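# Tertiary structure, described
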Amino acid sequence: MLVRIVTIILPVLLMILIGWLYGRRARPDMSATNRINMDICVPMLVFSALAARDFDLAANWKLIPAAIGIVVLSGLLAWPVSRLAGISPRTLLPPTMFNNCGNMGLPLALLAFGREGFNASVMLFVVSNLLHFTLGAFVFCRQTRFTGLLKNPIVIATAAGLLFGILDLHLPEPLMIGIKMMGDVTIPLMLFALGVRMVDARLSGWRIGLLGAVLCPLTGLLAAAVLVPLLQLDPAMRAQVYLFGSLPPAVLNFLMAEHYRQEPDRMAAIVLIGNLASIVFVPFGLWLALA
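Residues numbered from 1 in each chain as written. Predicted model: local features only at pLDDT ≥ 70, side-chain atom pairs only at ≥ 80, totals over all residues. Heavy atoms only, no water.

## A few points about the overall build of the protein chain
- When its secondary structure is counted, the protein chain shows 12 helices and zero strands.
- Tracing the protein chain from N to C terminus, the helices and strands come up as α-α-α-α-α-α-α-α-α-α-α-α.
- At 18 Å, the protein chain has a C-alpha radius of gyration in line with the 19 Å of a compact globule built from 291 residues.
- Projected onto its principal axes, the C-alpha coordinates of the protein chain cover approximately 55 × 45 × 45 Å.
- In the form shown here, the protein chain has an accessible surface area of approximately 13,700 Å², with 68% of it arising from carbon and sulfur atoms.
- Positive and negative side-chain charges in the protein chain, numbering 20 and 13 respectively, have mean positions lying 10 Å apart. (Helix = DSSP H or I, 4+ residues; strand = E, 2+ residues; numbered from the N terminus. Rg over C-alpha atoms; globule rule 2.2 N^0.38 Å. Areas by Shrake-Rupley, 256 points an atom, 1.4 Å probe, with all protein chains shown as cover. Lys, Arg positive; Asp, Glu negative; His and termini not counted. Charge placed at Lys NZ, Arg CZ, Asp CG, Glu CD.)

See below:
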């Protein structure tokens, strides 16, 4: 079991390390690359996974309430902690509720569960991502408007992928191969970009960073422990949910904190330390998933 967990985690850490080393040396501007990834590659990945011939949407529908439940329950568990610690809920709740299911969760799922399990994990990523741009944005700012959400490429790709899955439609194989190849760029590019971004992160707010680092996977795993028997998940979905619950805070939380001017320095510390702490929590989540 230990050897398998190490085999799953090492490639992920290696790609992050390469990004960090290159970031320290070259200081690249990743903004254009990240934009291309989010506007083109991620939507291709989402569509190719949801519309894949080997992905049974009906069999995996329980992953949708599981993802919603983990996000909401994590926020509810973190709320009293933020009050007791004297930290604004707008700062502590988002990184607790929304984890790194894209940069880290997708490659881990691919390595742990293979292509079929990876396609199922995309469901968790899609639900979390949609909630992040809606519920998460509302937590950051209650005056948030969602009029532009329908123009989001990931939302469009999700709707198209679900439509193809529900109606059992399939694109010609050469076209699907091209779309899948574009989507496959996403994972290594996400991990590389995460490493580059960590170069500029600072540990000045290490206390709140440590609290967020522990709170995110802890509440996620507690929520998973509640939802697995409640939803009567089969072993494959149970494994997906436990891995999802153990993930660290999403890097997107930092970008949204900057956008809404909600203590971005403290958020950077939570994201940085949280992703470093994943070395402890993710193996535990994998152990629960693979046990």
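## Quick look at the nonpolar core
- Formed by 86 residues in total, the largest nonpolar core has its most connected members in Val-46, Phe-47, Leu-108, Val-241, Val-282 and Leu-286.
- With 18 residues, the top contributor of residues to this core is helix H5 (residues 101–140).
- For Leu-108, the contacting residues outside a window of four places in its chain are Ile-8, Ile-9, Val-12, Leu-243, Leu-247 and Val-282. (Core = buried A, V, L, I, M, F, W, Y, C linked by side-chain atoms within 4.5 Å. Buried < 20%, exposed > 50% of the residue type's maximum accessible area, 1.4 Å probe, protein only. Contact = heavy atoms within 4.5 Å.)

## Concerning the packing of aromatic side chains
- Under the defined criterion, the tally for this structure stands at four aromatic pairs.
- Residues Tyr-22 and Phe-192 carry aromatic rings whose centres are separated by 5.8 Å and whose planes lie at 40° to one another, so their mutual orientation is tilted. Placement of Tyr-22 in helix H1 (residues 2–26) and of Phe-192 in helix H8 (residues 186–198) is noted, with a sequence separation of 170 residues between them.
- By relative accessible area, Tyr-22 is classed as partly exposed at 38%. (Phe/Tyr/Trp six-rings, centres within 6.5 Å; stacked < 30°, edge-to-face > 60°.)

## Side note on the side chain of Thr-158
- Within the secondary structure, Thr-158 sits in helix H6 (residues 153–167).
- What Thr-158 contacts, discounting residues up to four positions off in sequence, is Val-46, Leu-50 and Val-126.

## Let's talk about the packing of helix H2 (residues 31–50) against helix H7 (residues 173–184)
- Two numbers describe how H2 lies on H7: the axes approach to 7 Å, and their chain directions differ by 125°. On the basis of the axis angle, H2 is oblique to H7. Between H2 and H7 lies a crossing whose hand is left-handed. When H2 is examined against H7, the residues Ile-40, Cys-41, Met-44, Leu-45, Phe-47 and Ser-48 are found in contact with a partner set consisting of Met-176, Ile-179, Lys-180, Met-182 and Gly-183. (Axes fitted to C-alpha atoms, helices over the stretch in contact; angles between N-to-C directions. Parallel < 35°, antiparallel > 145°, perpendicular 65-115°, else oblique. Left-handed = near helix turned anticlockwise from the far one by under 90°.)

## A word on the pattern of salt bridges
- As enumerated under the stated definition, the model contains four salt bridges in all.
- The shortest N-O distance in the salt bridge between Lys-180 and Asp-184 comes to 2.9 Å. Highlighted residues: Lys-180 and Asp-184, both in helix H7, separated by four residues, approximately one helical turn.
- The residue Glu-263 makes a salt bridge to Arg-266 at a minimum N-O spacing of 3.2 Å.
- When salt bridges with common partners are traced through the structure, they connect Arg-115, Lys-180 and Asp-184 into a single cluster. (Salt bridge = Lys/Arg side-chain N within 4 Å of Asp/Glu carboxyl O.)

## Observations concerning unusual backbone geometry
- Even without being a glycine, Arg-27 presents a positive backbone phi close to 50°.
- Following the sequence through the fold, Arg-27 ends up in the loop between H1 and H2.
- Take Arg-27: its relative accessible area is 51%, and that puts it in the exposed class.
- Its identity is not glycine, yet Arg-261 carries a phi of approximately 55°, on the positive side.
- Relative to the assigned elements, Arg-261 resides in the loop between helix H11 (252–260) and helix H12 (264–290).

## Describing H2
- The end-to-end C-alpha distance of H2, which contains 20 residues, comes to 27 Å, matching closely the 28 Å that a straight helix rising 1.5 Å per residue would cover.
- Within H2, burial applies to Asn-37, Cys-41, Val-42, Pro-43, Leu-45, Val-46, Phe-47, Ser-48, Ala-49 and Leu-50.
- The inward-facing, buried residues of H2 abut H5, H6, H7 and H8. (Expected span 1.5 Å × (residues − 1).)

## Re the side chain of Thr-186
- With respect to the helices and strands, Thr-186 occurs in helix H8.
- Separated by 2.9 Å, the side chain of Thr-186 and the backbone oxygen of Gly-183 make a polar contact.
- Beyond its immediate chain neighbours, meaning those up to four positions away, Thr-186 contacts Asn-37, Cys-41, Val-42 and Leu-45. (Polar contact = N/O pair within 3.5 Å; in protein donor to acceptor, adjacent residues only side chain to side chain.)

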